[in-house]
Amino acid sequence: DCEVFLVLYCETQVTWHSPRVHIAMALFRAATRVVARSAFKPGRTAMTQACVLEKVDDLRMREIDISEPFTENDLRIDIKSVGICGSDIHYYEHGSIGPFVVNAPMVLGHEASGVVTEVGEKYKDKFSVGDRVCMEPGIPNPLSPESMKGMYNVDPEVRFWATPPYHPKLLADPAWANGHGCLRPSVVHPANFTFKIPDHVTFDEAALVEPLAVGMHSCTKAQIKPGDVACIVGAGPIGMLTCLTALASGCAKVFLADPVQNKLDVAEKLVPGKITGLKVDTSDPDSMKKQIAEATNGSGVEVVIECSGNPHAAAACPELCAPGGTIVWVGCPTPVLFDIGHMQVRELRTESVFRYAHMYPKAIALLDSGAIDVKPIITNHFEFEESVKAFDYMKSPDPTTVKSIIRVSE
């Protein structure tokens, strides 16, 4: 309305250089400042309880002040369940992952589900108070070149829960300078990165949509075809969820390689007869190669997805592939040497994965249909006030542990 008034005023009464225009412009700027302020509600100004990583090996439950502006595009969400991810543990133990360095206290947690308690004005027709939801934790700059290509997950300006920012724009943003995560009672999150979940999907299952999205992104990039045979390397939560996704994508059979037999036993029960565990002998560099060769009559598998992040396992992946096969890198190993010539003469294709993009609706649809069941990999639960205990446990978990969930509220 202010802008329309200004244009009409300028066109009908004065020339552009008239003093009246400058007065009108001043009024317009003042009015837009008022409108801009009215579009924002103040974020959480009181202190909130949270699981805070102070620095390496210093994790505490304490009060912390988090600035989160609430706009017409946002939702306020009470957190219900949060999964503990390997990246959370890595920050706890090492204080960094690549260029992401913890330089200030940071709230952990990025795999979350919850209940909507407040809806921004622009989304009142799409969300309601009480909606059960899960949240995609990475928020990109929608106008970045990467986002415009559809690859918003590799946008360097992405705001990702429980990830220390390194882009200058994020470091200068008081609402994001610490990269806080979601292990706290309530969060403000953009509505267009929040997704409703079916009534029969539990909050614990919904929290696992985040790691499931990683598996889905990797299988999508692998271009799995019906009847393919795959080998997933690493039987952590990502590896197990990738097995389930590979089968849902059309694989006839999946091998899962890991040195821990207990994890393989859990994985084989996820889809009996479809997942075969391969116990890796870490003293033998050719252990996986020999087992895959024996299981496939020497032909190899069409798809290898490396989820362990172990450099020795990663180095062995090209040896597992059939000619024309594909290797997808999900884990983040230290630098590894490969025989490119060996890969060329077999025309192996490689793909890399960084988180995911456009996967949440599909992941939820698979849970809804029952095509993927994530419940069996949830092995441990902790209450919110036990968060530090939960992280300490996950630093050296029992061999039977796969995925731990922190229940922030009932």
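These figures come from a predicted structure and were not determined experimentally. (Residues numbered from 1 in each chain as written. Predicted model: local features only at pLDDT ≥ 70, side-chain atom pairs only at ≥ 80, totals over all residues. Heavy atoms only, no water.)

Asks: Before we move on, can you summarise the packing of aromatic side chains with the specific residues and values?
Replies: If you walk through the whole model with that rule in mind, you get six aromatic pairs. Between the aromatic rings of Phe-195 and Tyr-360, the centroid separation amounts to 5.4 Å while the plane-to-plane angle is 35°, which identifies the pairing as tilted. With Phe-195 in strand E14 (residues 194-196) and Tyr-360 in helix H13 (residues 360-369), the pair connects residues that are 165 residues apart, well separated along the chain. By relative accessible area, Phe-195 is classed as buried at 17%. Among the residues examined, Tyr-360 registers a relative accessible area of 1% and is labelled buried. Linked through ring pairs, Phe-195, Tyr-356 and Tyr-360 together constitute an aromatic cluster. (Phe/Tyr/Trp six-rings, centres within 6.5 Å; stacked < 30°, edge-to-face > 60°. Helix = DSSP H or I, 4+ residues; strand = E, 2+ residues; numbered from the N terminus. Buried < 20%, exposed > 50% of the residue type's maximum accessible area, 1.4 Å probe, protein only.)

Asks: Go over the pairing of strand E21 (residues 378-383) with me, naming the residues and quoting the values.
Replies: Bridge count between E21 and strand E22 (residues 403-407): five bridges; the pairing is parallel. Counted as the bridge partner of Ile-378 is Lys-403 from E22. In terms of handedness, the path from E21 via helix H14 (residues 387-395) over to E22 forms a crossover that is right-handed. (Pairing = 2+ DSSP bridges. Right-handed = clockwise from strand over helix to strand, strands pointing away.)

Asks: Provide a residue-level description of a nonpolar patch on the surface, including the pertinent values.
Replies: Residues Met-151, Val-154 and Phe-354 make up a contiguous nonpolar surface patch of roughly 240 Å² in combined accessible area. Within the secondary structure, Val-154 is located in the loop between helix H4 (145-148) and strand E12 (159-160). (Patch = residues over 30% accessible without salt bridge, like charges linked within 9 Å, V, L, I, M, F, W, Y side chains within 5 Å. Areas by Shrake-Rupley, 256 points an atom, 1.4 Å probe, with all protein chains shown as cover. Salt bridge = Lys/Arg side-chain N within 4 Å of Asp/Glu carboxyl O.)

Asks: I'd like a description of the nonpolar core, backed by residues and values.
Replies: Core analysis: the biggest nonpolar cluster contains 53 residues, and Cys-134, Val-254, Leu-256 and Ile-305 have the highest contact counts within it. Among the elements of the structure, helix H6 (203-207), helix H7 (209-222), strand E15 (229-233), helix H8 (237-249), strand E16 (253-258), helix H9 (261-270), strand E18 (301-306) and H13 are those that each provide at least two residues to this core. Considering each element in turn, this core owes the most residues, seven residues, to H7. Setting aside its immediate chain neighbours within four residues, Val-254 contacts Ala-230, Ile-232, Cys-243, Ala-246, Leu-247, Lys-274, Ile-275 and Thr-276. Counting 39 residues, the second largest nonpolar core, distinct from the first, contains Ile-64, Leu-75, Val-82 and Val-119. (Core = buried A, V, L, I, M, F, W, Y, C linked by side-chain atoms within 4.5 Å. Contact = heavy atoms within 4.5 Å.)

Asks: Explain the side chain of Ser-287 residue by residue, including any values.
Replies: Secondary-structure assignment places Ser-287 in helix H10 (residues 287-295). If we skip the residues at most four places from it in the chain, Ser-287 touches Lys-279, Val-280 and Asp-281.

Asks: Would you mind going over unusual backbone geometry in detail, with residue names and values included?
Replies: Of note in the backbone geometry, Asp-57 takes a positive phi value of approximately 60° without being a glycine. By secondary structure assignment, the location of Asp-57 is in the loop between strand E2 (48-55) and strand E3 (58-64). We classify Asp-57 as partly exposed; its relative accessible area is 48%. Phi is positive for Asn-297, which is not a glycine, with a value near 55°. In this fold, Asn-297 is placed in the loop between H10 and E18. For Asn-297, a relative accessible area of 76% puts it in the exposed group.

Asks: Break down the pattern of salt bridges for me, with residues and values.
Replies: Applying the stated criterion to the full structure yields 18 salt bridges. Taking the shortest distance from any N to any O, the salt bridge between Arg-349 and Glu-351 comes out at 2.9 Å. Arg-349 sits in the partly exposed class, given a relative accessible area of 27%. With relative accessibility at 22%, the residue Glu-351 sits in the partly exposed group.

Asks: Lay out the sheet that holds E15 with the relevant residues and their values.
Replies: Strand order in the open sheet formed by six strands is E17-E16-E15-E18-E19-E20, with parallel pairing between adjacent strands. Edge positions in the sheet fall to strand E17 (275-279) and strand E20 (349-352), since each has one partner strand and no second. Taken pair by pair, the neighbouring strands of this sheet meet at an average axis angle of 20°, ignoring direction. Both E15 and E16 contribute to a ladder of five bridges, which runs parallel. When the sheet's bridge partners are listed, Ile-232 is paired in E16 with Leu-256. Of the strands in this sheet, E18, strand E19 (321-329) and E20 touch H7, which is tilted by about 150° from E20. (Axes fitted to C-alpha atoms, helices over the stretch in contact; angles between N-to-C directions.)

Asks: Break down the packing of H7 against H13 for me, citing the residues and quoting the values.
Replies: Between H7 and H13, the least distance of the axes is 9 Å, while the angle of their chain directions is 105°. One way to sum up the angle between H7 and H13 is to call them roughly perpendicular. Where H7 abuts H13, its residues Val-209, Glu-210, Leu-212, Ala-213 and Met-216 lie against Tyr-360, Lys-362, Ala-363, Ile-364, Leu-366 and Leu-367. When grouped by side-chain class, the residues that make up the contact of H7 with H13 number nine nonpolar, no polar and two charged. (Parallel < 35°, antiparallel > 145°, perpendicular 65-115°, else oblique. Nonpolar A, V, L, I, M, F, W, Y, C, P; charged D, E, K, R; others polar.)

Asks: Let's hear about the packing of helix H3 (residues 86-94) against H14: which residues, and what values?
Replies: As a packed pair, H3 and H14 sit with axes 10 Å apart at the nearest point and diverge in direction by 90°. One element, H3, and the other, H14, form an angle in the roughly perpendicular class. Contacts between H3 and H14 pair Asp-88, Ile-89, Tyr-92 and Glu-93 from the former with Phe-391, Asp-392, Met-394 and Lys-395 from the latter.

Asks: Go over the environment of Leu-270 with me, naming the residues and quoting the values.
Replies: Along the chain, the position of Leu-270 falls in helix H9. A relative accessible area of 15% places Leu-270 in the buried class. On a C-alpha basis, the gap between Leu-270 and Leu-241 in space is 9.7 Å, while along the polypeptide they are 29 residues apart. In contact with Leu-270, not counting residues within four places along its chain, are Met-240, Leu-244, Ile-275, Pro-376 and Ile-377.

Asks: If you had to explain the pairing of E16 to someone new, which residues and values would you point to?
Replies: Burial analysis of E16 places five of its six residues in the buried class, the great majority of the element. For the handedness criterion, the β-α-β arrangement of E15, H8 and E16 is classed as right-handed. Taking the sense of rotation as the criterion, the β-α-β connection linking E16, H9 and E17 turns out right-handed.

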